[in-house]
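For reference, the chains in residue letters:
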Amino acid sequence: MPNEVESRAIEEFRKTPIGHHSTELQVILNEMRGQPMADKFCLISIKANREWQLAQTTGVRGKPVKMLSKKFTNLEDAEWYVFKKRWKQLRGETLR
Amino acid sequence: MMKITGYADKISVAPGETIKFMVNSEAGKRYRADIVRVICGDENPDGPGYREKLVKTAANGSYKSRKQVIHAGSFVEIGASDMLDGLESFTMQAFIWPTTPENGTQAIISKWRDKDKAGAALIITKENGSIALCLGNGKGKIQTLNTGKPLVAREWYFVAASYDAKSKTVTLVQEPLHGFETKSDRATVRRKSTVGRVPNHDAPLTLGAYFKKTDNGRTVCGGHYNGKIDSPRIANRALSATEMESLKTWPVAPELGNSVVGAWDFSANIKGIKVSDLSANLLHGEIVNLPARAMTGWNWTGEEMNWNHAPEQYGAIHFHDDDIYDAGWEVDFELTIPKGMKSGVYAARLRAGEHEDHIPFAVRAPRGKPTAKVLYLMPSASYQAYANEHMNTDAPVGQLLAGRLVQLDKFNLFLNEHREYGGSCYDAHSDGSGICYSSRLRPILNMRPKHRAWIGATESTLWQFNADTHITDWLEAMNIDYDVISDEDLHYEGLSAIEDYAVVVSSSHPEYHSVEMWDAMAAYQQRGGRLMYLGANGWYWRIQYHSEVPGVIEVRRNEDGIRTWEARTGEYYFSFSGEYGGLWRRNGRPPQKILGVGFTAQGFDISSYYLRNPDSHKAKVKFIFDGIGKNEKIGDFGLIGNGAAGLELDRADRALGTPPDTYVVASSVEHTDIYLVVCEEMLVSTPGVGGHENPLVRADITFHETQNGGAVWSTGSIAWAGSLAHNNYKNNVSRMTKNVLKRFINPKPF
């Protein structure tokens, strides 16, 4: 499970996924967002400012971006969804 | 996926002049083209909304679809010649610096006709990445003999292949110039050919690729080579090792004179597209798709950084399999600008079913007859530098810079899959080397209304062309007449393009300028002209246009500045002109000199706001704040990151050239730690360079006077444009901008 510092950072991210962040949260985000391009999560704009679809870049030039079925109607939900996925990938833990 | 794309032959056009449009349509049998005036390209429903106005012109109509493709990849083409076509025995040799020897077949010197596999080519073989000679008899028999010793990427080699028709002996030479004794990559190999007679043919000689076919007059090649070639040579017999050695340099030993068919010197005519043959045969050629010139050669010593001083050490051309200059498509329709067509930003809108593209262009006022006091300078050079940028799919730093998940749209998805459309001067070629040339003679799919850019902060996520439509939208909403010209007009026409206007309004991010553009703007200011700089990171990189072919710029990412790639040491001078490239700051002209402010920090998550400084209450600049309260937060709203101060930020600095007596009337505050001080400010890497801590992370709004009643007002922030339309244009960013514009139109001295 996340330790105390991580738990605070996770809660902070939940409230403010984009914007001013504590150093503790920024360190986590730097690791997550600095991942290589293979299978890296991104969003596809479906309807301007209203709908986005989850996708993954491939890291291979010319190879199509992989469209995933998950869609979002606000960016905060998308950020939290991907944060949980990345936490699982990097720490092996499931966040709720 | 987009099924319709296009481009124009010009970026700006005046009444009476004609602009041509080239279209690739794979969307049904016909498509519709209409000319529209672009008002606001931002589709965000929380803003003023997307707006374009249909303009009735003779070009509007239905057109037949046709597929038009881009053949990317550079090479040198040398036309058919008796000297080449009749070769039976031969030697091909060159110095090479391969960057992707593992990539498969890559031709270095090729006299090859692909349709019947006839001829000979010195290649890197797909078998094992070593040097090989490929021979084909045109009757189905092909033989590729290789050295079997894989080349090491990014190391110089002398390579050669000879063929003696009488004895049918092939000799291969692979001679490393590096000293890695543990690498077993030196080879001289002799083999018998089993191909039989290699037939003569009149296909062109190509360097850096092999000839495949012609397509509507365009030479189409395959086997594109990534890397440098220096001093390619062809002789009409199989030379000995000593003779090959002699032919490496020029002039050649007299006894070899009659044997030399061609000896190409890439260090001659570096600024042009011509490639010179030193031999008496004068088999000159041309570069195709602009491979990089003025590249350090095999004999570069490191003592000289400027190719103008030692061209003989710059005899290399760097070829790339994704170089592109002119897509070369056929014209589908054209528009002669009617008399009376109002100056502005327009586009040819292409539609076929659900598929749509826009090809933007500027309509100028009639030449020599301004129709307004205000001029909007469309930053076409900066659009070109960013043309078809791929960082959102290629660069891991994207999400770190953006501080969030990056967003892609239909344009990005198309560009990711269609690498033949070429990259931007922010991207790397497929071999990892930086892209230093960018052409507008191809569809530029991020210079589009409706485009959303990953880098453009939260909310509307706008950058460049589409962000700039918030400036033209605001001018329209304020009922202010304005004319438009492009950077290219300013470059070629100088001061005369802008001198008749009372005010020049900039775009949100006019980053790239040639010396001609820089001088014209400086002269304009000194003659009483007034500049409203509504952006940031402007006048930052030096560029140059090609002197022989239109529509292409060069950027060299030299020793300093925010760079997504780095020019190799010794390759800091433009091939187009011989000028030193890099930052204007490193050319003795920091942006502060001409704008009052210059690039200081960047971040791409959320924007912030400004607070007034004591300078703002001084009598001279009171007009700027007319109707704005003493303690008002300025721009704590907006469609670009929710604030007027964001993305890239500029600050005043006397030490960098901000004129004395400049008024720093407001400064931004509260930027996130995604905002970091630019690297040219850091002589020593230090902690504390983020927005929470560092006082250099701020945008300054400044005003200063120039000679003869001129003035400059700068906002120091790219995000400024995104706040103009807030609350139906009734807000303090809009108000301040209008206060300044009204005052600047008034010729009264300050």
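Criteria and thresholds
Residues numbered from 1 in each chain as written. Chains lettered and ligands numbered in written order. Predicted model: local features only at pLDDT ≥ 70, side-chain atom pairs only at ≥ 80, totals over all residues. Heavy atoms only, no water. Helix = DSSP H or I, 4+ residues; strand = E, 2+ residues; numbered from the N terminus. Buried < 20%, exposed > 50% of the residue type's maximum accessible area, 1.4 Å probe, protein only. Contact = heavy atoms within 4.5 Å. Areas by Shrake-Rupley, 256 points an atom, 1.4 Å probe, with all protein chains shown as cover. Phe/Tyr/Trp six-rings, centres within 6.5 Å; stacked < 30°, edge-to-face > 60°. Lys NZ or Arg CZ within 6 Å of the ring centre and 35° of its normal. Buried area = accessible area lost by both parts, 1.4 Å probe. Salt bridge = Lys/Arg side-chain N within 4 Å of Asp/Glu carboxyl O. pLDDT = per-residue confidence, 0-100. Pairing = 2+ DSSP bridges.

1. Examining the overall build of chain A
When helices and strands are counted, chain A shows 3 helices and 3 strands. Taken from the N to the C terminus, the helices and strands of chain A come in the order α-α-β-β-β-α. Overall size of chain A, expressed as C-alpha extent along the three principal axes, is 40 × 30 × 25 Å. Of all 96 residues assigned to chain A, the portion counted as buried reaches 46%. Sequence separation of 24 or more characterises 33% of the internal contacts of chain A that already satisfy a separation of 6 or more. Element-wise, carbon and sulfur atoms account for 49% of the exposed surface of chain A, whose accessible area totals about 5,100 Å².

2. Concerning the side chain of Ser514(B)
Considering the arrangement of structural elements, one finds Ser514(B) in the loop between strand 33 (512-513) and helix 9 (515-526). When neighbours within four sequence positions are excluded, Ser514(B) is seen to be in contact with His491(B), Ile543(B), Gln544(B) and Trp584(B).

3. Structural notes on the packing of aromatic side chains
Tallied over the full model, the rule gives 38 aromatic pairs over all chains. Measuring from ring centre to ring centre gives 5.2 Å for Tyr573(B) and Tyr580(B), while their planes differ by 70 degrees; the resulting arrangement is edge-to-face. Each member of the pair Tyr573(B) and Tyr580(B) is classed as buried. Connected via pairs of aromatic rings, a cluster forms that spans Phe21(B), Tyr31(B), Tyr63(B), Phe333(B), Tyr346(B) and Phe361(B). Seen from the ring of Trp87(A), Arg91(A) lies directly overhead, with NZ or CZ sitting 4.9 Å from the centre. The ring of Trp541(B) has Arg557(B) lying over it, and the distance from NZ or CZ to the ring centre is 4.6 Å.

4. Points about the environment of Val397(B)
Its place among the elements puts Val397(B) in the loop between helix 4 (391-394) and helix 5 (398-402). Its relative accessible area of 43% is what places Val397(B) among the partly exposed residues.

5. Notes on the interface of chain A and chain B
Taken together, the contacts link 33 residues of chain A with 36 residues of chain B. Regarding the contact of chain A and chain B, the summed buried area is about 2,800 Å², with carbon and sulfur atoms giving 57% of it. In terms of surface lost to chain B, no three residues of chain A exceed His20(A), Asn49(A) and Arg61(A), which account for 23% of the buried area on that side. Where chain A meets chain B, there are 3 salt bridges. Between Arg50(A) and Asp46(B) there is a salt bridge, with its nearest N and O atoms 2.7 Å apart.

6. Topic: the confidence of the model for chain B
In this model, chain B carries a mean pLDDT of 97, and residues with pLDDT of at least 70 account for 100%. As scored by the predictor, the complex reaches a pTM of 0.97 and an ipTM of 0.97.

7. Points about the sheet that holds strand 42 (residues 676-677) of chain B
Residues and elements named next belong to chain B. A sheet is described by the order of its strands in space; here 3 strands give the open sequence 40-38-42, paired in antiparallel fashion. A strand with exactly one partner marks an edge of an open sheet, and here the two such strands are strand 40 (648-651) and strand 42. Examined bridge by bridge, strand 38 (residues 598-602) and strand 42 share 2 bridges and lie antiparallel to one another. Bridge pairing in strand 42 links alanine 601 to valine 677.

8. Structural notes on the sheet that holds strand 37 (residues 552-554) of chain B
Residues and elements named next belong to chain B. Read from one edge to the other, the open sheet built from 3 strands follows the order 30-37-36, with strand pairing classed as antiparallel. A single partner strand is all that each edge strand has here, and the edge strands are strand 30 (437-439) and strand 36 (544-545). Two elements, strand 30 and strand 37, share 3 bridges in a ladder whose sense is antiparallel. Bridge assignment links serine 438 to a residue of strand 37, and that residue is isoleucine 553.

9. Quick notes on the pairing of strand 17 (residues 210-215) of chain B
Moving residue by residue along a regular strand, the side chains alternate between the two faces of the sheet. Residues and elements named next belong to chain B. In this structure, strand 17 lies alongside strand 18 (residues 218-222), joined through 5 bridges in antiparallel fashion. In the sheet register, aspartate 215 faces strand 18, and the bridge partner there is arginine 218. Connecting strand 17 to the next strand, strand 18, in antiparallel fashion are 2 residues, including asparagine 216 with a positive phi near 50 degrees.

10. Side note on the pairing of strand 1 (residues 4-8) of chain B
Residues and elements named next belong to chain B. Burial within strand 1 is extensive, with 5 of its 5 residues counted as buried. Of the two faces of strand 1, both are covered, the one formed by Ile4, Gly6 and Ala8 as well as the one formed by Thr5 and Tyr7. Sheet topology places strand 1 next to strand 3 (residues 18-25); 5 bridges connect them, and they run antiparallel. Its bridge partner being in strand 3, tyrosine 7 is matched across the sheet by methionine 22.

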